[in-house]
Amino acid sequence: MSAAPRTPPAQRLPAAYSLTPHLIYPHRLYLLHAIATALAVLALAPAMWALQVPPEHWLTTVAFGLGWPHLARWRYRRARNPNRAEMQHVLIDGLLAGMGLPLIAFNLPISTALVAVTCFAAMFGGGPRLLIGNLLALAAGVLVGIPFYGLHWQPGLDWLSFLASLPLAWVAPLGLIHIGFDVTQGLHHRRNELELRGWHDGLSGLFNRTHWEDTVRAEFARCRRTGQAATLIMADLDHFKQINDLYGHAEGDSVIRRFADLLRTHVRDIDVPGRYGGEEFGILLPLTPLPEAMEVVRRLHRRLHEVPLSRHRTITASFGVAELGADIDSPEAWIRQADLALYRAKYDGRDRIAERSVASFVPEGPAPQAPLRPALSPREPAVLSQLLQGIDIADNPVAMYNPDDHLVMANDAYIRLHGIPPGVMRFPDIIRHAHRLRQGVALEVDAETWLQDVQQQRRRAPRRIFSVATLDGRRFQGIEVCFNGGWVLTTLVAATEPVTPA
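To keep things clear, this report deals only with the structure shown in the data block. Quick caveat, the model's predicted, so the values are computed rather than measured.

About the cut-offs
- Residues numbered from 1 in each chain as written.
- Predicted model: local features only at pLDDT ≥ 70, side-chain atom pairs only at ≥ 80, totals over all residues.
- Heavy atoms only, no water.
- Axes fitted to C-alpha atoms, helices over the stretch in contact; angles between N-to-C directions.
- Helix = DSSP H or I, 4+ residues; strand = E, 2+ residues; numbered from the N terminus.
- Contact = heavy atoms within 4.5 Å.
- Polar contact = N/O pair within 3.5 Å; in protein donor to acceptor, adjacent residues only side chain to side chain.
- Core = buried A, V, L, I, M, F, W, Y, C linked by side-chain atoms within 4.5 Å.
- Buried < 20%, exposed > 50% of the residue type's maximum accessible area, 1.4 Å probe, protein only.
- Salt bridge = Lys/Arg side-chain N within 4 Å of Asp/Glu carboxyl O.
- Pairing = 2+ DSSP bridges.
- Expected span 1.5 Å × (residues − 1).
- Bend = angle between axes of the 7 residues up to and from the residue.
- Phe/Tyr/Trp six-rings, centres within 6.5 Å; stacked < 30°, edge-to-face > 60°.
- Lys NZ or Arg CZ within 6 Å of the ring centre and 35° of its normal.

Side note on the packing of helix α10 (residues 331–347) against helix α14 (residues 447–460)
So, step 1. Between α10 and α14, whose axes approach to 8 Å, the crossing angle comes to 40 degrees. Facing α10, whose interface residues are R336, D339, L342, Y343 and K346, α14 presents Q455, R458, R459 and R460.

This is the structure we're talking about:
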């Protein structure tokens, strides 16, 4: 008996057809259909012989029994909707089985085998909904068969009919069960494969950001329960954009893969590396206090100079290291602290390792240059008060955020631009709120993607100048500086050229 095929991705079927994926009428299902209908003809033969059925009925029975599976296969292959066609074939099986019942005068063992097999095939192929359809098709078949074969009632239980019905009653269900088992196994393997693909980044082969962050959350919870140590490392390939610009994206992809291989080879078995996004990577070091973590990251740093990632030039990386401390209250804050250390390593000149709060290691290479002139430090309270008042009444939006992305200072122009309500203090929440109000910066992508891009830009360039368009048609020149382990000062200077927001 036929069963329902797999649903194409663009189609949706009711829940009753939940078993149909992966049954796209394979060769063995077609073969089972042909065998089952042939066994049905064999089961009908003793009762038809005992009832002295006319030759024309023998001819039509054999023709339907032996020809229908091939016709169904031909029709399936040419159907615009193969799934619907196969559902129809299941109902036609029920209709033909129902027509056979009056032909054999409702012989009990044969009729039972026909009804059971068609119902089993319908339930297997389409669930309760198709089973109900099959029962209706059986009833319709009986009503169609009575005018052709007459209404006779001889449900006698003879041994010949019983033996003739056994092959049909056993072979067809067992064949469907075997196919169903293979389908289930295939689905299981496919699910495992999709899970692995869902966990891993396609280019590097490491865990992707989502699964790596889930692993960090699990380790954070475990460390909070047990009090054991753990450390995070965030790594960013220095000047990676130049690799793509000068040597092409194929070379950039090769660098990503080689760096991933370096991580797999030179971290310990208990460590969990992952690709955080772009040229940034994260490494979770369970059961590892800061001194041991620094040995791991120093070893990685040395290998970058010993085994170049590119044949064109030496590619370095900056590393930020953050041990899980009692003051870190969430996995997100833990990742943020490692990010802040990474900011510091890049701000100090790249190709460096920085740990949380203080720079811990500076490798061979040029030291960061001293400022050309001393920084201004308005320490007198009156001077500082006047400076803040001047910023507050200025037309240019100005804001300052602490390392946890909380707003600590903003003038009225910045608050008006983003429509910041009371209680909204974190930079991501401010942007999301403004985006919902259709206010503030004109985002060309969704808010979450935009926020991720901003974080990456801050990692790459702690001091940067950029253009900002707002939804009310204004244009600003943005000046943003990251300093002291994550503080961010943003100033928006009005541009002269108008812009139409995207």
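Once the structure has been displayed, the description carries forward.
A few points about the side chain of S111
So, step 1. Looking at where S111 falls in the secondary structure, it is placed in helix α4 (residues 108–149).
So, step 2. Within the structure, S111 has its side chain in polar contact with the backbone oxygen of N107 (distance 2.7 Å).

Observations regarding the nonpolar core
So, step 1. Core analysis: the biggest nonpolar cluster contains 29 residues, and L237, F259, F319 and V321 have the highest contact counts within it.
So, step 2. Here F259 is in contact with A235, L237, F281, L304 and L309, once residues within four sequence places are set aside.

Some thoughts on the pattern of salt bridges
So, step 1. Enumeration over the complete set of coordinates arrives at 20 salt bridges.
So, step 2. Residue R311 pairs with E251 through a salt bridge whose shortest N-O separation is 3.5 Å. Taken together, the residues R311 in the loop between α9 (290–306) and β4 (317–323) and E251 in helix α8 (residues 249–266) connect sequence positions 60 residues apart.
So, step 3. R311 gets classed as exposed once you look at its relative accessible area, which sits at 66%.
So, step 4. Residue E251 is classed as buried on the basis of its relative accessible area of 7%.
So, step 5. Residues joined by salt bridges that share partners form a network here, namely R209, E213, D214, R217 and E332.

Quick word on the environment of A36
So, step 1. By the secondary structure assignment, A36 is in helix α1 (residues 27–50).
So, step 2. Overall, the relative accessible area of 1% leaves A36 in the buried class.
So, step 3. The sequence separation of A36 and P173 amounts to 137 residues, and the corresponding C-alpha distance is 9.3 Å.

Re the sheet that holds strand β5 (residues 353–355)
So, step 1. Within the open sheet, the five strands sit side by side as β2-β3-β1-β4-β5. Their pairing is mixed. Two strands in the sheet have a free side with no partner beyond their single neighbour: β2 (272–277) and β5. Each adjacent strand pair in this sheet contributes to an overall mean axis angle of 20 degrees, direction not counted.
So, step 2. Two elements, strand β1 (residues 230–237) and strand β3 (residues 280–286), share seven bridges in a ladder whose sense is antiparallel. Bridging from a neighbouring strand, I233 pairs with I283 of β3.

Some thoughts on the environment of L91
So, step 1. Looking at the element boundaries, L91 is found in helix α3 (residues 82–103).
So, step 2. For L91, a relative accessible area of 31% gives the class partly exposed.
So, step 3. C-alpha separation for the pair L91 and L135, spaced 44 residues apart in sequence, amounts to 8.7 Å.
So, step 4. Ignoring sequence-local partners within four residues, the contact set of L91 consists of L130, G133, N134 and A137.

Thoughts on helix α13 (residues 427–436)
So, step 1. Considered for burial, the residues of α13 that qualify are F427, P428, I430, I431, H433 and A434.
So, step 2. Next to the buried residues of α13 lie β6 (398–401), β7 (407–410), α12 (412–418) and α14.
So, step 3. The first or second residue beyond α13 is R438, which carries a positive phi of 55 degrees.

What to know about α4
So, step 1. Between the first and last C-alpha of α4 there are merely 17 Å, a value that for 42 residues lags more than 12% behind the 62 Å anticipated at 1.5 Å per step.
So, step 2. In the structure, α4 departs most strongly from a straight axis at G126, where the bend amounts to approximately 140 degrees and where the proline P128 lies between one and four residues downstream.
So, step 3. A distance of 3.4 Å separates the backbone nitrogen of I110 from a side-chain oxygen at the start of α4, and that oxygen is part of N107.
So, step 4. Among the residues trailing α4, G150 stands out with phi positive, at a value near 85 degrees.

Some points on the packing of aromatic side chains
So, step 1. Considering all chains together, one arrives at eight aromatic pairs under this definition.
So, step 2. Aromatic pair F148 and Y149: ring centres 6.4 Å apart, planes at 50 degrees, arrangement tilted.
So, step 3. Every member of this aromatic cluster is reached through a ring pair, and the members are Y401, Y414, F427 and W450.
So, step 4. Here the basic side chain of R209 rests over the ring of Y276, its NZ or CZ set 4.1 Å away from the ring centre.
So, step 5. In this structure, R464 is placed above the aromatic ring of F466, and the distance from its NZ or CZ to the ring centre is 4.3 Å.

Geometric descriptors of this kind do not, in isolation, establish any biological role.
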